[in-house]
Amino acid sequence: MVYRSPDRFAQEMSATTEIVIRVIAAAGLFAALAAWESLAPRRQLVAGRRPRWPSNIGVWIIDAMAVRLLMPIGAIGVALIASERGWGLLNVLKMPGWIAVLLGVVVLDLVIYAQHVVFHKVPWLWRLHRMHHADLDIDVTTGARFHPIEILLSMLIKIVAVVTIGVPALGVLIFEVGLNATSMFNHSNVALPRWLEPIARWFLVTPQMHQVHHSILREETDSNFGFNLPWWDRLFGTYRREPQAGEQGMTIGIPMFRDPRELRLDRLLTQPFRDDPSAAKKSAVSPAGETLSR
Ligand SMILES: [Zn+2]
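Keep in mind that this is a model prediction, so the values were computed, not measured.

Calculation notes
- Residues numbered from 1 in each chain as written.
- Predicted model: local features only at pLDDT ≥ 70, side-chain atom pairs only at ≥ 80, totals over all residues.
- Heavy atoms only, no water.
- Buried < 20%, exposed > 50% of the residue type's maximum accessible area, 1.4 Å probe, protein only.
- Helix = DSSP H or I, 4+ residues; strand = E, 2+ residues; numbered from the N terminus.
- 1 Å grid on protein atoms, 1.4 Å probe; cavity = no way out; pocket = protein on both sides within 12 Å on 5 of 7 lines; lining within 4 Å.
- Points joined across faces, edges and corners; volume = space filled by probe spheres on them.
- Nonpolar A, V, L, I, M, F, W, Y, C, P; charged D, E, K, R; others polar.
- Donors = N, O, S within 2.8 Å, 3.2 Å for Na, K, Ca; no water.
- Axes fitted to C-alpha atoms, helices over the stretch in contact; angles between N-to-C directions.
- Parallel < 35°, antiparallel > 145°, perpendicular 65-115°, else oblique.
- Left-handed = near helix turned anticlockwise from the far one by under 90°.
- Contact = heavy atoms within 4.5 Å.
- Patch = residues over 30% accessible without salt bridge, like charges linked within 9 Å, V, L, I, M, F, W, Y side chains within 5 Å.
- Areas by Shrake-Rupley, 256 points an atom, 1.4 Å probe, with all protein chains shown as cover.
- Salt bridge = Lys/Arg side-chain N within 4 Å of Asp/Glu carboxyl O.

Turning next to helix H7 (residues 123-133). Of all 11 residues making up H7, 8 are buried, and the element is well covered by its neighbours. For H7, the set of buried residues is Leu125, Trp126, Leu128, His129, Arg130, Met131, His132 and His133.

Written out as structure tokens, the structure is:
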């Protein structure tokens, strides 16, 4: 049973250890990126930190609690059960543990890429996901700004993927810690050195590459979907090197929810259930400028 050793490692690791590893990794990286952003920001923030950080961090805490409360078993727990019972492709194909871990991480990343594309294309899923895009700036906290319903759906998708693929628990842990880390990194308002960035984006989604995805122009919002590995965008034709208006000139956000009040935590949570307020205003005003009675 030598080939299953990464799973034995994971089995011995208690749930508490897992939480401790994840909280320390997240807090350490958050602090480092926040300091880097303060010292050398890539862009001047439009709305700034003060109106955004309490809500972005608030929704992150709500997300974490919702997942722990409603899906306490988590993707790692599911991976342990799947490996015990021999469920999933990688558990059926007998292969060295480290190859299963590596394959599992890469395939999970492809699943998350596909999920991200679907959340942009299907209207009711876009309603959930657009809250992430409505941030008026992007920085390290935007990486945690997702609607709780999107986070729960995404957890469900991950669990189904882990069971079908048979990703070893260690692979799921690496993927989840990695995804949190890269999401914070590629949303952060930092710049890799000019000489390094074009090389780095062949191996990892860089902040400059992901910034294009937060452009107000829809064709740019619908590009650079990758979170960790940059290859899927290049492979499936959704890669865009830079925004039309340039790295400094582009506008971040979506056309709706540009009112700074929309940065409040309560407003974030209700955004999926509201229609475009500017569209409502436009339809209430006739072309001649008269206000209609409805
Ligand atoms: Zn997106």
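And the narrative resumes.
Within this model, the largest pocket holds a volume of roughly 1,200 Å³. Lining the largest pocket are 48 residues, and of these Arg22, Trp60, Lys158, Glu176 and Asn180 lie nearest its centre. At the level of secondary structure, the elements contributing two or more residues to the lining of the largest pocket comprise helix H2 (15-39), helix H3 (53-70), helix H4 (74-85), helix H6 (97-121), helix H8 (148-165) and helix H9 (169-187). Taken together, the residues that form the lining of the largest pocket break down as 29 nonpolar, 12 polar and 7 charged.

With that settled, the discussion passes to the coordination of the zinc ion. Donor atoms from the polypeptide that bind the zinc ion are His116 (NE2), His120 (NE2), His129 (NE2), His133 (NE2) and His213 (NE2), placed at 2.1 to 2.3 Å. Mapping the donors of the zinc ion onto the primary sequence yields the spacing H-x3-H-x8-H-x3-H-x79-H. Taken together, the residues span a long stretch of sequence, with histidine 120 in helix H6 and histidine 133 in helix H7 at a distance of 13 residues. Comparing histidine 120 with histidine 133, the two get one shared label, buried.

Interhelical geometry of H4 versus H9 gives an angle of 165° and a closest axis separation of 8 Å. As judged from the angle between their axes, H4 and H9 are roughly antiparallel. Our pair here, H4 against H9, has a crossing hand that is right-handed. Only Ala169, Val172, Leu173 and Glu176 of H9 make contact with H4, whose side of the interface consists of Ala75, Ile76, Ala79 and Leu80. The residue makeup of the contact of H4 with H9, split by class, is 7 nonpolar, no polar and 1 charged.

Turning to a nonpolar patch on the surface, a few remarks are in order. A cluster of nonpolar side chains, namely Trp195, Ile199, Trp202, Phe203 and Leu204, defines an oily patch on the protein surface of about 600 Å² accessible area. Residue position: isoleucine 199 is located in helix H10 (residues 197-200). Assessed through its relative accessible area of 45%, isoleucine 199 is described here as partly exposed.

Attention shifts here to the pattern of salt bridges. Enumeration over the complete set of coordinates arrives at 15 salt bridges. Between glutamate 176 and arginine 22 there is a salt bridge whose closest N-O contact spans 2.9 Å. You can see glutamate 176 sitting in helix H9 and its partner arginine 22 sitting in helix H2, a full 154 residues away along the chain. The exposure class assigned to glutamate 176 is buried, which follows from its relative accessible area of 5%. Residue aspartate 259 is joined to arginine 261 by a salt bridge in which the shortest nitrogen-to-oxygen separation is 2.8 Å. We classify aspartate 259 as partly exposed; its relative accessible area is 32%. Linked by salt bridges that have partners in common, Arg52, Asp135, Asp139 and Arg145 make up one network.

So far we have only geometry, and geometry alone does not tell us how the molecule works.
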